[in-house]
Amino acid sequence: MEANETTSLSAVALVCTLSPSPAPSSSQLLAEQTMRALAEHGVTGKVIRVADHDVKPGVEVDMGDGDAWPDIRDTVLASDILILSTPIWLGHPSSIAQRVLERLDAELGESDDEGRMLTYGKVAGVCVVGNEDGAHKVGADLFQGLNDIGFTLPANAITYWVGEAMQGTDYQDLDKVPKKTAATTATLAANASHLARRLKGAQYPPS
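Residues numbered from 1 in each chain as written. Predicted model: local features only at pLDDT ≥ 70, side-chain atom pairs only at ≥ 80, totals over all residues. Heavy atoms only, no water.

Counting secondary structure elements, the chain contains five helices and six strands. Tracing the chain from N to C terminus, the helices and strands come up as β-α-β-α-β-β-α-β-α-β-α. The globule rule puts the C-alpha radius of gyration for 207 residues at 17 Å, and the 16 Å found for the chain is close to it. With the C-alpha coordinates of the chain rotated into their principal frame, the extents come out at 50 × 40 × 30 Å. Counting across all 207 residues of the chain, residues that qualify as buried make up 46%. Summarising the internal contacts of the chain: among those between residues at least 6 apart in sequence, 81% fall at separations of at least 24. Surface summary for the chain: the accessible area is close to 9,900 Å², and the carbon and sulfur share equals 52%. Considering the chain, the positive charge centre built from 16 side chains and the negative charge centre built from 28 side chains are found 6 Å apart. (Helix = DSSP H or I, 4+ residues; strand = E, 2+ residues; numbered from the N terminus. Rg over C-alpha atoms; globule rule 2.2 N^0.38 Å. Buried < 20%, exposed > 50% of the residue type's maximum accessible area, 1.4 Å probe, protein only. Contact = heavy atoms within 4.5 Å. Areas by Shrake-Rupley, 256 points an atom, 1.4 Å probe, with all protein chains shown as cover. Lys, Arg positive; Asp, Glu negative; His and termini not counted. Charge placed at Lys NZ, Arg CZ, Asp CG, Glu CD.)

As structure tokens, then:
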């Protein structure tokens with residue numbers, strides 16, 4: 001039976017700022033705004049700042065020795081929507097965002113009883129903040145990785161803000177949310193929740 005607009009959904013936002021809490025973070029701010037926008041569509045969830053946890057390098061489900069990834073992974077797999085939020089550094093996603101993708105690479109070797117990756121039927125979106133670097137390029141990098149790992153991307157699966165070239169204003173320094181960023185955040189939330197409900201009611205065919 002197809003899921004309808006009242007089907008409950010959950011989401012998790014993984015914030016990939018390089019700075020652990022309680023340092024302020026534009027990536028955290030945009031992720032929180034996206035989660036609030038998702039809440040308007042009946043989506044509940046949580047925000048996890050990855051730098052607050054000891055996520056080991058590697059491409060396995062569990063790298064042992066106090067690795068914090070297994071608990072984060074459980075939250076991702078229990079959610080219908082994954083939001084990956086990253087700053088731009090030297091034109092690329094943060095090293096923490098790359099580590100998250102590397103840890104998610106383990107999902108290529110995990111499947112359900114019918115041969116589908118455990119990420120099938122889950123929706124992903126991206127938040128990007130930075131100054132003068134390319135948000136589209138960073139989004140493209142993350143889109144490809146997330147899709148390879150089995151996530152489904154909705155139309156307009158990114159919200160972002162980049163500042164004027166050669167200056168130091170951060171997203172969190174703005175007096176108010178720019179209209180264009182607010183609009184893309186709202187669109188991401190609407191499309192991600194719509195797609196997640198459809199996939200929840202009609203899973204991909206067995207592999």
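Additional details are given in the paragraphs that follow.
Let us now look at the nonpolar core. In terms of nonpolar packing, the biggest core is built from 28 residues, with Leu 14, Leu 82, Leu 84, Val 100, Leu 104, Leu 146 and Phe 151 touching the most fellow members. For this core, the elements supplying multiple residues, two or more each, are β1 (9-15), α2 (69-78), β3 (81-89), α3 (95-104), β5 (123-131) and α4 (135-148). Considering every element that reaches this core, the biggest residue donor is α3, with five residues. Not counting residues up to four positions away in its chain, the partners in contact with Leu 14 are Ile 48, Val 50, Trp 69, Ile 72, Val 76, Leu 82, Ile 83, Leu 84, Ser 85 and Val 100. By size, the runner-up hydrophobic cluster in this structure holds 23 residues, among which are Leu 38, Tyr 171, Ala 192 and Leu 195. (Core = buried A, V, L, I, M, F, W, Y, C linked by side-chain atoms within 4.5 Å.)

One can find Val 138 in helix α4. C-alpha of Val 138 to C-alpha of Gly 91: the two residues are 47 residues apart in sequence and 7.1 Å apart in space. Leaving out residues up to four positions away in the same chain, Val 138 has contacts with Thr 86, Ile 88, Gly 91, His 92, Pro 93 and Val 128.

Counting buried positions over the nine residues of β5 gives nine, a clear majority of the element. Residue alternation in β5 divides its side chains into two sets, Val 123, Gly 125, Cys 127, Val 129 and Asn 131 and Ala 124, Val 126, Val 128 and Gly 130, and both sets are buried. In the sheet, β3 pairs with β5 via seven bridges, with the strands oriented parallel. The residue bridging Ser 85 from the neighbouring strand is Cys 127, located in β5. Taken together, the six bridges between β5 and strand β6 (residues 158-163) define a ladder with parallel strand orientation. (Pairing = 2+ DSSP bridges.)

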